[in-house]
Amino acid sequence: MFKTMRWILAACALSTALVLAAQEGGHGGGHGHGHGDDGHGGMVMDAMPKLGPDVTIRFVAMVGNRPAACGMTYRDIGTEKSPISLNDFRFYVSNLRMVTASGEEVPVELTQDGMWQYDTVALLDFEDGTGLCSSSGTPEMNDKVTGTIPEGEYVGVRFELGVPFELNHLDTAAAPAPLNLPAMWWNWRTGYKFVRIDMQTPTSQIPQWFIHLGSTGCVSESGSTPPSEPCANPNVATIELMDFNPLENFIVADLQALLAEVNLNENTPQPPGCMSSPNDPDCESLFPAFGLDLASGALTGTQVFFRVE
C-alpha cells in the first residue's frame with residue numbers, strides 16, 4: 001500500500017508541475033516557456049521571473065510516462081520491448097549552474113546539509129530500500145538539489161552527471177555524506193559509480209542488467225591509493241537544459257529514453273550490463289544516450305536521459 005501511495009503522489013506532483021508550466025508559459029512541449037518576435041524578425045526568450053537567493057532544483061525519475069519505483073514492472077523497454085523491474089536508481093550530479101539569457105553561467109552554491117550534498121556534489125536517490133531494492137538500497141530518498149544563487153533572471157541550467165576528479169577517489173569509510181555509500185563506490189582507483197541503475201530483465205539470458213557509469217582508465221601506484229592524474233576516460237557527462245525555470249519545472253531522468261537503443265535481451269556476463277569499460281559491448285548502444293563517447297569518455301553533446309517538464 002505504501003508503494004502504491006508513493007507512486008500516486010509522485011504522479012500527482014509531476015502532473016501539477018506540467019499544468020503549472022502550461023498555464024504560466026502557454027506553450028506545449030513541456031518546457032513552460034517559448035519565444036516571441038523581437039520586432040526585427042528575430043526570436044527572444046520570454047521573460048523569466050527573478051530567482052534567488054534560495055533555489056531548489058527538483059528531479060523526477062521516470063520510465064517513459066510512469067514514475068520509477070521499486071516493485072514496479074515496466075514493459076516495452078529498449079529495442080526488443082523488454083520488461084524490466086528496478087533494483088536501484090541513484091545518480092550523482094555536480095557543478096550546478098544557472099544560465100542567463102546572455103549565456104553566462106552562475107554557480108549554484110549547494111546547501112551543505114550533511115546528508116545529500118557535499119561541496120559541489122549532490123546525490124539523487126529514487127530507491128526506497130523495499131522489495132527488489134532491499135539488497136543495496138536505503139529507506140531515505142532525495143529528489144532535489146538546494147542552494148543559493150545571486151538574484152537574477154535565468155533561462156536554463158547546466159550540470160555534470162558525475163563526481164569531479166578531486167572528490168572521486170575518496171575512502172568511503174571516512175568520506176562525508178553523500179560520498180560515504182559503499183553501494184555507490186567501486187574502489188580507490190576507479191572511484192564512484194556516477195549512475196547506478198540496476199534492473200531485473202527476465203527475457204535476457206542473464207536476468208539482470210546493470211548501468212554503472214563511472215570513470216575508467218584510472219592509474220594509481222597500488223589498489224589502495226587514489227590516482228595522481230585524471231582518468232583516461234572520465235565519463236562525466238555535461239547536461240544542458242534550456243527553458244528551465246526551477247519555480248515551475250522538473251528535471252526528468254527518463255530510463256526508457258536512456259535505453260531506447262539498447263537490446264536488453266542481450267547481456268554480456270561478468271558483469272551483466274554496462275560497467276563503463278571501453279570494451280564492454282553492453283555499453284556501445286547506451287553511452288551515446290548519456291552524451292558520451294565510449295572509446296574516449298569524451299562528450300558528444302547528444303544526451304537523452306534528462307529533459308525538462
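Remember, it's a predicted structure, so these values are computed and weren't measured experimentally.

Undergrad: It is not clear to me how the pattern of salt bridges should be interpreted in this structure. Could you clarify?
TA: Pairing of side chains with opposite charge becomes possible as their charged atoms draw close. Tallied over the full model, the rule gives 11 salt bridges. Across the pair R90 and E127 runs a salt bridge whose closest N-O atoms are separated by 3.7 Å. Linking R90 in strand 6 (residues 82–99) with E127 in the loop between strand 10 (121–125) and strand 11 (144–148), this pair joins segments that are 37 residues apart in sequence. Residue classification places R90 among the buried positions, given a relative accessible area of 1%. A relative accessible area of 0% means that E127 is categorised as buried. Where R158 meets E105, a salt bridge forms, and the shortest distance between an N and an O atom there is 2.8 Å.

Undergrad: Explanation requested: the confidence of the model for the protein in the structure shown.
TA: A low pLDDT means the predicted coordinates there should not be read in detail. Of the residues in the protein, 84% have a pLDDT of 70 or more, and the chain-wide mean is 87. In the model, residues 1–12 has pLDDT below 50 throughout and makes 15 contacts with residues more than four positions away in sequence or in other chains. Low pLDDT, under 50, characterises residues 15–45; the stretch is placed with 48 contacts to residues that sit more than four places away or in other chains.

Undergrad: Honestly, the packing of aromatic side chains in this entry has me stumped. Any pointers?
TA: To describe a pair of aromatic rings, one takes the distance between the centres and the angle between the planes. Using the criterion set out here, one finds 14 aromatic pairs in the structure. Where F89 meets F126, the ring centres are 5.9 Å apart and the plane angle is 80°; that geometry is what we call edge-to-face. Of the two residues, F89 sits in strand 6 while F126 sits in the loop between strand 10 and strand 11, which places them 37 residues apart along the sequence. The class of F126 is buried, set by a relative accessible area of 9%. For the ring pair F89 and F305, a centre distance of 6.5 Å and an interplane angle of 25° mean the geometry is stacked.

Undergrad: Even after reading the chapter, I still don't get the state of the cysteines, so can you show me in this structure?
TA: Formally, a disulfide is one covalent bond, and it connects the sulfur atom of one cysteine to the sulfur atom of another. Enumeration according to the criterion identifies three disulfides in this entry. Shown here is the disulfide that connects C70 with C133, its sulfur atoms set 2.1 Å apart. Judged by the sign of its S-S torsion, about -100°, the bond between C70 and C133 is left-handed. Taken as a pair, C70 in the loop between strand 4 (66–67) and strand 5 (73–77) and C133 in the loop between strand 10 and strand 11 lie far apart in primary sequence, 63 residues in all. When sorted by exposure, C70 lands in the same class as C133, which is buried. Through a disulfide, C218 is tied to C231; the S-S separation comes to 2.0 Å. Around the S-S axis, the bridge from C218 to C231 shows a dihedral of about 105° and counts as right-handed. Pair noted here: C218 is in the loop between strand 16 (208–213) and strand 17 (237–242) and C231 is in the loop between strand 16 and strand 17, with a separation of 13 residues, a long-range link.

Undergrad: Even after reading the chapter, I still don't get the environment of E151, so can you show me in this structure?
TA: Mapped onto the elements of the fold, E151 is located in the loop between strand 11 and strand 12 (156–161). Considered as a pair, E151 and K50 are 101 residues apart in the sequence and their alpha carbons are 6.5 Å apart.

Analysis parameters
The residue numbering used here restarts from 1 in each chain and proceeds along that chain's sequence as written. Confidence filtering applies because this is a predicted model: local features only for residues at pLDDT of at least 70, side-chain atom pairs given and counted only at 80 or more, and all residues used for totals across whole chains, interfaces and linings. The basis for every side-chain value is the complete set of non-hydrogen atoms in the structure, without hydrogens or water. Any Lys or Arg side-chain nitrogen located within 4 Å of an Asp or Glu carboxyl oxygen qualifies as a salt bridge. Here a helix means four or more residues in a row that DSSP labels H or I, a strand means two or more in a row labelled E, and each is numbered from the N terminus. Relative accessible area decides the class of each residue, using a 1.4 Å probe on protein chains only: under 20% of the type maximum gives buried, over 50% gives exposed, and in between gives partly exposed. As a per-residue measure, pLDDT tells how confident the predictor is, with possible values from 0 to 100. We call two residues in contact when some of their heavy atoms are within 4.5 Å. Here the aromatic set is Phe, Tyr and Trp, taking the six-membered ring for Trp, and pairing holds for ring centres within 6.5 Å; pairs whose planes are under 30 degrees apart are stacked, those over 60 apart are edge-to-face, and all others are tilted. Disulfide assignment relies on a single distance test, namely cysteine sulfur atoms paired within 2.5 Å.

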